[in-house]
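Residues per chain are reported as follows:
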Amino acid sequence: MAELHKLFSTFSQFQLAKSGDSQSESLIHLIDTFAASNAKFKVVGEGFELAADIQGLDSIKEWLQNTFVPGYYNNLDVAQAPSVSDTPEVIGNPATPNSSFAIVFHSELTAKSGKPFVNDAVFVVKTNSHGKWADVKLYLDTLNVQKLTSGSA
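In what follows, the accompanying structure is described.

**Comments concerning the environment of Lys61**
Along the chain, the position of Lys61 falls in helix α4 (residues 57-71). The exposure class of Lys61 is buried, given its relative accessible area of 18%. A sequence separation of 36 residues divides Lys61 from Glu25, and the C-alpha atoms of the two residues are 9.6 Å apart. Here Lys61 is in contact with Ile28, Ile31 and Asp32, once residues within four sequence places are set aside.

Spelled out as structure tokens, the structure:
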């Protein structure tokens, strides 16, 4: 659980960009560490360019590298203030096999346009009998993220 919390804290605070690791590499490490080989991943949203419904590690990693990181992270200016994040809140026990848990984020960042970007997100995760992530759903403020990805945030 400590590694999970550390990884999610890194994403929410953008320390990964400052450390020289790319967002893609860090997200891939997260998936390789915690997800089952046949994991399902869904970004919930209708008519939302980052909405996704994917199965399998290779497909998830490809989507992260080719769609999510360019569409989301590349529209944020990690060098600009504000860059304030709450510590991610984990609800439930991620170490328990055949269970569910949630990770709640709140961040205040800056878009490349210079405008503030407030990010609230929730991951809902179901684990398999081995404790690996079998089903992950990401709930974002889709209108806010759509503004970010279109450059109007």
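**Re the packing of aromatic side chains**
According to the stated counting rule, one finds seven aromatic pairs in the structure shown. Between Phe34 and Trp133 the ring centres are 5.3 Å apart and the planes differ by 15 degrees, which places this aromatic pair in the stacked class. With Phe34 in helix α3 (residues 23-34) and Trp133 in strand β7 (residues 133-140), the pair connects residues that are 99 residues apart, well separated along the chain. The pair formed by Phe34 and Trp133 is uniform in burial state, with each residue classed as buried. With a centroid separation of 6.2 Å and 55 degrees between ring planes, the pair formed by Phe101 and Trp133 is classed as tilted. Of the two residues, Phe101 sits in strand β5 (residues 100-110) while Trp133 sits in strand β7, which places them 32 residues apart along the sequence. Like Phe101, the residue Trp133 is buried in the burial classification. Connected via pairs of aromatic rings, a cluster forms that spans Phe41, Trp63, Phe68, Tyr72 and Phe117.

Definitions and limits used
Residues numbered from 1 in each chain as written. Predicted model: local features only at pLDDT ≥ 70, side-chain atom pairs only at ≥ 80, totals over all residues. Heavy atoms only, no water. Helix = DSSP H or I, 4+ residues; strand = E, 2+ residues; numbered from the N terminus. Buried < 20%, exposed > 50% of the residue type's maximum accessible area, 1.4 Å probe, protein only. Contact = heavy atoms within 4.5 Å. Phe/Tyr/Trp six-rings, centres within 6.5 Å; stacked < 30°, edge-to-face > 60°.

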